[in-house]
Each structure stands twice: as structure tokens, then as C-alpha cells.
Amino acid sequence: MRFDDETLRILESVLVSKDVKSLIETRSRLKEFMRSESVTILKLNEKETVDRKLNVAEFFVRAFALVGDTESCLALKYEALILRELKYMNHPCLQVSYEEWLTFAEDCCCNGFYSIAIKGFDNAIECLQHISVGDKVTGEVIKERWDKVRVLIGSRSVQAETAKYLKNRALLKKPENEFQPPKTQALASSMFRCGNLQRLQISQKRKINSS
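Parameters and conventions
Residues numbered from 1 in each chain as written. Predicted model: local features only at pLDDT ≥ 70, side-chain atom pairs only at ≥ 80, totals over all residues. Heavy atoms only, no water. Helix = DSSP H or I, 4+ residues; strand = E, 2+ residues; numbered from the N terminus. Buried < 20%, exposed > 50% of the residue type's maximum accessible area, 1.4 Å probe, protein only. Contact = heavy atoms within 4.5 Å. Phe/Tyr/Trp six-rings, centres within 6.5 Å; stacked < 30°, edge-to-face > 60°. Axes fitted to C-alpha atoms, helices over the stretch in contact; angles between N-to-C directions. Parallel < 35°, antiparallel > 145°, perpendicular 65-115°, else oblique. Left-handed = near helix turned anticlockwise from the far one by under 90°. Nonpolar A, V, L, I, M, F, W, Y, C, P; charged D, E, K, R; others polar.

Asks: Which parts of the structure should I look at to understand the overall build of the protein chain?
Replies: Scanning the protein chain from N- to C-terminus turns up eight helices and zero strands. Ordered by position from the N terminus, the helices and strands of the protein chain form the series α-α-α-α-α-α-α-α. Taking all 211 residues of the protein chain together, the buried fraction comes to 24%. For the protein chain, restricting intrachain contacts to residue pairs at least 6 apart in sequence, the fraction spanning at least 24 positions comes to 57%.

What follows is the structure in C-alpha cells.
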């Protein structure tokens, strides 16, 4: 696979469909394919240069955006931003700006990926600290949003724990119309067979006596 604009154009052309049902199916298949390919390729690129890794990450960001896979798109976007930081470590003017980190964090929030949003806010604040004086007002705004997301994550964790507790509690409750355990049922079945056997024996004795 080539990680260039031509490949993206081919991908885009595949997604052109007049039939809504076909488009949905195509998108679904492409999502699975792209996820599988990205994992394989990123593993193969572990020993590659930062430039190569960044090129691949940015390609998949655009590819996942085309197929509508927001989660994978944001995950690779974070990877690409980190790689840019590494690539331009000695060139501050080319590094990721706090605006970019802030936009990334807000995109994550809008799509419900709060944990990764926290990382975006953290990096945005860190970027501001490296600016000569720093924008104090902007820093406070970012921190306020950061705190809100923290609270939201905590609230969701509490809700998840509560739901888990209630589920476990419900499982521990004894059902009202509980069936007999298998052993008891087996015993009842044996008693039924023994009763039939006894009646059969009595019937046979009667036949012998009558003859």
C-alpha cells in the first residue's frame, strides 16, 4: 500500500455510491480492513524513522476520516501530533501549537473520548507554558475545560460502578419460581420409573395366577 494522495483518491472513489445500503456496507467493510491494515503497518514501522512514521500516521488519519471511523481517526491523530513534536523537537515554530492540541481535545470531547481529550488539554497547557509569557486567560480557560472533563469522567466511572453493583446484586437474588435442581429432578424421574416397574411386576403376577 502506498501512503499518498493517489491511494486516498482511490479510497474515495470506492465510497461513491448512489445506493445508501451499499454505501453503508462498503464503509463497514473498509473500516474493518483499514483497522486491520493500520495495526499491521504500524507494528512493521516501529523501527522506521520518525518521518516515515509520521507520514503513515497522517495518511491513516485522512483514510479513517474518509470511511467515517472517528475513533480510529482521533487515535491516529494523537499519534501524528506526538510524532510531529518529536520531529520538530529543535524547531519550536514547527511544533504542534496549543490551538491544535485544544482543537484535538475538543474533537475528542464532542465524540465522547474523554480520556484521550485529557491528554490533549494537558499538551495544550504545556504548550502555553513554553510560550514566553503565556496567555494566562487562555490557560485558565483550557484548565477549566480540563477540570470539567475530569469531573465528567469521574461521574461516568461512578455510574459504571453503580450499574455493575446493581447487576451483581440482581444476579444474587433468588428467582421466585425457581426450578428444582437437576439432582432432585433425576431422583423424581427414578422414583417414577420404579413405580412403573412395581406396577408391571404386580400385573405379571396376576396374569400367572389367573392362568
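Asks: In this structure, what is going on with the packing of aromatic side chains? I would like to understand it.
Replies: We describe a pair of aromatic rings using the distance from one ring centre to the other and the angle between the two ring planes. Scanning the model with the defined rule gives seven aromatic pairs in all. With a centroid separation of 5.3 Å and 75 degrees between ring planes, the pair formed by phenylalanine 59 and phenylalanine 60 is classed as edge-to-face. Accessibility classification places phenylalanine 59 together with phenylalanine 60 in one group, the buried group. By the ring-pair criterion, three or more aromatic residues cluster together here, those being Phe3, Phe59, Phe60 and Phe64.

Asks: How do you make sense of the packing of helix α4 (residues 70-87) against helix α5 (residues 98-110) when you look at a structure like this?
Replies: The description of two packed helices rests on the angle between their axes and on the distance between the axes. Running from N to C, α4 and α5 cross one another at 165 degrees; their axes reach a closest spacing of 11 Å. Relative to α5, the element α4 lies roughly antiparallel. Considering the relative orientation of α4 and α5, their crossing is left-handed. Only Glu100, Trp101, Phe104, Asp107 and Cys108 of α5 make contact with α4, whose side of the interface consists of Leu74, Lys77, Tyr78, Leu81, Ile82, Arg84 and Glu85. Among the residues forming the contact of α4 with α5, the class breakdown is seven nonpolar, no polar and five charged.

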